[in-house]
Structures are given as C-alpha cells and as structure tokens.
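# Remarks on the overall topology
Spelled out, the chains give:
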Amino acid sequence: MKYPFHIERTEVSRLKNIDFSNLPFGKYYGDHMFVAESRRGRWMDCRIIPFGNIPFSPASSAIHYGQIIFEGMKAFKNPEGEPMLFRPEMNWKRFNVSAERMAMPQVPHELFHDALNELVYMDQDWIPTEKGYSLYLRPFMFATDRFIGVRPTELFKFIIITSPSGLYYPKPVKVVTFQKYVRAFPGGVGFAKAAGNYGASMLPLKEAMDAGFDQVLWTDGYEHKYIEEIGTMNVFFVIDNVAITPSLDGTILDGVTRDSVIQLFKQYGMKVEERRLSIDEVMEANKKGLLQDAFGSGTAAGISPISHISHKGATIELPPAAGRKYWLRLRDDLDGIKNGTIPDRYGWCMKVKSQILAEVLE
Ligand SMILES: *Cc1c(COP(=O)(O)O)cnc(C)c1O
C-alpha cells in the first residue's frame, strides 16, 4: 500500500451499549476513526484509532476561518451480510472539488478509498441492518496550522468518523422560502460541502422551525425567485409528468442522490429537466392541479417527501405523501438496489474490501 496505516484497536467496544432498534441520526459513533495528516501537500501518519477527542492548536485556521470541508455517505449490508458502499467514487471526487475551492490539498483516490474501506471493514458490526438504517460515514478535512493570520495554510487533518443512524427526516417535510436570507451566490462556495455553508444556515433554519416548518427552501441570491435546494438536500418536483430539478450552476450541491434519482427517472421513461425553476411556477402548477410530487434527495435523508411549501405567506399543501407514487418508487428502488431485491444495473454498490485488516483480524 502506498499509504501505510497504523492500527490501534479499542480495548472495549461500545457496540453492546447501543440500542440498534432506536438510532436517531448522528447520536452514536462507531468504535474507531481514521485520521491522516497532510504537510505541505504530502499525506502521512495514517491511523485507525479508537473514536475520541483529538488535540489541535486553538490557533488553527479551521477554528477561526472555517477552512473545513466534509462528505456524507453510507455503508450498508448486502443480503449476504457483506459491508457495502454506495457510489463512493462520487464522494471522493466531490471531496476534492470542495478541497480545491477551499484551498486545501487533494486527497488521492488510494488514500480516500483505503481509509474508508479499512475503517468500515473494521467497524462492520456497527452497520445496522434494519430497514432504512445504515452506518453514516463522515469524512472531513480541516486546516491545523498554528497561525492566526488569514492566508492559505499547509497543515491539514483528514478524518473519517462513523455513526449508525436511522433516517434524518422520518416524516414528510414542511418547507418555507426566505426573502431575507440566501444560502449561496454565484462565485461563492454553494457547490462545495464547506462547513460555513451550514453554520450560516442555522439561524434561518431556527427561524423556519420556530414558525412550524422543518426546512428552508432556498432560492437564488439575486431575485429570490428560482429554487435551489432544501436544507441539506437537492429538490425535485414532478409537474405534469415531467421531473424537474434545478440545474447545477455553482450555487447548488451536486448530490449523489440527485444524480441517482435523475438516472432512475430516465429509466422509468420519464422526461427529466435540469433547469431554472421558479417558485411561482411551482405555486402555479399546484393551482392548476399539475403538481404531482415534490421531494428532497440526500444521503442522510434519502428521499424525503415535501408536505407543505410556504412562500411569501401563502402555503400550499401537497396530496398525502403515502399516495404519491414518484418519491415512493424512487425510495423503494434505491433501497432495493442496496438490499439486493432489485438488480444493481448501474454498479452503484461497491463491496468493502480490506487489504490490511483482513489479515490482522484473522
Ligand atoms: C450533501 C448535500 C446534498 C445531498 O447530496 P448527496 O450526495 O445526495 O448526499 C444536497 N444539498 C446540500 C446543501 C448538501 O450539503
């Protein structure tokens, strides 16, 4: 292996303390984590160690200036009980797109791949097998230079932690638009999974929740007219039998689930449009009875039906989610591809393979 791993196993697994029939999103963490360091562009010191606190300088650029990026992906088990990943190459590519935008080093494919595979292999007993549950994987990178000036930095940590989790939004979501806040704007970092995007969305989210909604339906930063995404999900509408999702224009996160949904819609023989879609068009379609479905798509949340959309004081309620066929079919197909009841014709599911641990754990 190009990147040698040091492995330190936990003395006492916490696995038996976890109630696997009740796993709120992001509450529990697996026994181990992966940690590597980059110094002046060279990756070194790769370790799988017990999950725990890590020391870093209080002067690090991550803490002061938000030089932090992350990914979100999931491990699950196939019918044979083997650990699997869903389209991990897409997350690796996107991680590096985010890294580039934030002036951070690229993570070579081999490092990302080996880190994920060895870690998931090691903690494979943490992968829940109940329907809708999985082991959420959170790779992230941040700057660790001990220097408080604003300048591109040279020291970084790349870490992966894991969390056995249920679904993020167990119920259909109520979304609201804002005229006073924007998530992203042209030339900004909306297309990157950069931490600051999410920090900046907490206040709008809090206001939305205080007003009885679950998530913000983000609109564009110029006119507040065109739909972008929902919270941490991409968004789809089915209007008059056409599936529509906002086009990727630099302000929208290029979701792995979004891409999978587009491929499935095409496979169903449906017309898919990636284009600018105004909130007025959606409200109008609803008035005419042409709005057949609306849902968010993301790794954490899966396919999340939208129940209400509120815009400038007017709220529309969609037909009950249980009777809407599009999101249901997509959810069932995505689940089916993962659990092996539907053929994986696109080769989305990858078996977790270990080079090091397979020997160590024998
Ligand atoms: C992660 C994320 C998504 C969904 O991407 P997936 O790859 O499908 O998980 C959508 N929007 C935002 C803002 C995100 O951070």
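First, a word on what this report is: a plain description of the structure on this page. If you're wondering where the values come from, they're calculated on a predicted model, not measured in any experiment.

Taken together, 15 residues are adjacent to the ligand, and Lys193, Tyr198, Glu229, Thr257 and Thr299 come closest. Thr257 is positioned such that a nitrogen or oxygen atom in its side chain is 2.6 Å from an oxygen atom of the ligand. Protein contacts shield 97% of the accessible area of the ligand, which totals 380 Å² for the unbound molecule. Residues that form the shell around the ligand fall into these classes: 4 nonpolar, 7 polar and 4 charged.

Time to look at the packing of helix H6 (residues 256-267) against helix H8 (residues 325-339). Remark: H6 packs on H8, axes separated minimally by 11 Å, with the N-to-C direction vectors making an angle of 105 degrees. Judged on the interaxial angle alone, H8 and H6 are roughly perpendicular. Of the residues in H8, those touching H6 at Thr257, Ser260, Val261, Leu264 and Phe265 are Tyr326, Leu330, Asp333, Leu334 and Ile337.

This part is about the packing of aromatic side chains. Geometrically, a pair of aromatic rings is defined through the distance of the ring centres and the angle of the planes. Enumeration over the complete set of coordinates arrives at 20 aromatic pairs. Here the aromatic rings of Phe140 and Phe142 are separated by 6.0 Å at their centres, their planes lie at 15 degrees, and the arrangement is stacked. Taking 6.2 Å as the distance between ring centres and 35 degrees as the angle between the ring planes, the aromatic pair formed by Phe265 and Phe295 counts as tilted. Linking Phe265 in helix H6 with Phe295 in strand S15 (residues 291-298), this pair joins segments that are 30 residues apart in sequence. For Phe295, a relative accessible area of 0% gives the class buried. Among the aromatic side chains, those forming a connected cluster through ring pairs are Phe5, Phe34, Trp43, Phe95, Phe112 and Phe158. The cationic tip of Arg276 hangs over the ring face of Tyr226; the distance from NZ or CZ to the ring centre is 3.8 Å. For the cation-ring pair, Arg329 lies above Tyr268, with the distance from its terminal atom to the ring centre recorded as 3.5 Å.

Attention shifts here to the environment of Pro305. Residue position: Pro305 is located in strand S16 (residues 302-311). On the accessibility criterion, Pro305 (5% relative accessible area) is buried. C-alpha of Pro305 to C-alpha of Arg324: the two residues are 19 residues apart in sequence and 8.9 Å apart in space. Setting aside residues up to four positions removed in sequence, Pro305 forms contacts with Pro172, Val173, Ala294, Phe295, Ala321, Arg324 and Trp327.

On to the packing of helix H2 (residues 88-101) against helix H3 (residues 109-122). One can describe the packing of H2 onto H3 by two numbers: an axis separation of 10 Å at closest approach and a directional angle of 130 degrees. On the basis of their axis angle, the class for H2 and H3 is oblique. Crossing of H2 against H3: the hand is right-handed. Packed against H2, whose contacting residues are Pro88, Glu89, Asn91, Trp92 and Phe95, the element H3 presents His109, Phe112 and Leu116 at the interface. Taken together, the residues of the contact of H2 with H3 sort by class into 5 nonpolar, 2 polar and 1 charged.

Turning our eyes to something else, we now look at the pairing of strand S12 (residues 234-239). Regular strands place their side chains on alternate faces of the sheet. For S12, the tally of buried residues reaches 6 of 6 residues, placing the bulk of the element in the interior. Along S12, one buried face is formed by Asn234, Phe236 and Val238 and the opposite face, lined by Val235, Phe237 and Ile239, is buried too. Where S12 lies against S15, 6 bridges are found, and the strand directions are antiparallel. Looking at the pairing, Ile239 lines up with Leu291 of S15. As defined by bridge partners, S12 adjoins strand S13 (residues 242-245) across 3 bridges and the pair is classed as antiparallel. The residue of S13 that forms the bridge with Val238 is Ala243. Between S12 and S13, which pair antiparallel one after the other, the connecting turn spans 2 residues, and Asp240 there sits at a positive phi close to 50 degrees.

Turning to the pattern of salt bridges, a few remarks are in order. By the definition in use, this model includes 19 salt bridges. Close ionic contact of Arg258 with Glu274 constitutes a salt bridge, the shortest N to O distance being 2.7 Å. Highlighted residues: Arg258 in helix H6 and Glu274 in strand S14 (residues 271-274), separated in sequence by 16 residues. Where Asp333 meets Arg329, a salt bridge forms, and the shortest distance between an N and an O atom there is 4.0 Å. With Asp333 and Arg329 both in helix H8, this residue pair falls 4 residues apart, about one helical turn. Residue class for Arg329 comes out partly exposed when judged on its relative accessible area of 44%.

Cut-offs and rules
Residues numbered from 1 in each chain as written. Predicted model: local features only at pLDDT ≥ 70, side-chain atom pairs only at ≥ 80, totals over all residues. Heavy atoms only, no water. Near = heavy atom within 4 Å. Polar contact = N/O pair within 3.5 Å; in protein donor to acceptor, adjacent residues only side chain to side chain. Areas by Shrake-Rupley, 256 points an atom, 1.4 Å probe, with all protein chains shown as cover. Nonpolar A, V, L, I, M, F, W, Y, C, P; charged D, E, K, R; others polar. Axes fitted to C-alpha atoms, helices over the stretch in contact; angles between N-to-C directions. Helix = DSSP H or I, 4+ residues; strand = E, 2+ residues; numbered from the N terminus. Parallel < 35°, antiparallel > 145°, perpendicular 65-115°, else oblique. Contact = heavy atoms within 4.5 Å. Phe/Tyr/Trp six-rings, centres within 6.5 Å; stacked < 30°, edge-to-face > 60°. Buried < 20%, exposed > 50% of the residue type's maximum accessible area, 1.4 Å probe, protein only. Lys NZ or Arg CZ within 6 Å of the ring centre and 35° of its normal. Left-handed = near helix turned anticlockwise from the far one by under 90°. Pairing = 2+ DSSP bridges. Salt bridge = Lys/Arg side-chain N within 4 Å of Asp/Glu carboxyl O.

Any functional reading would require information that these geometric values do not contain.
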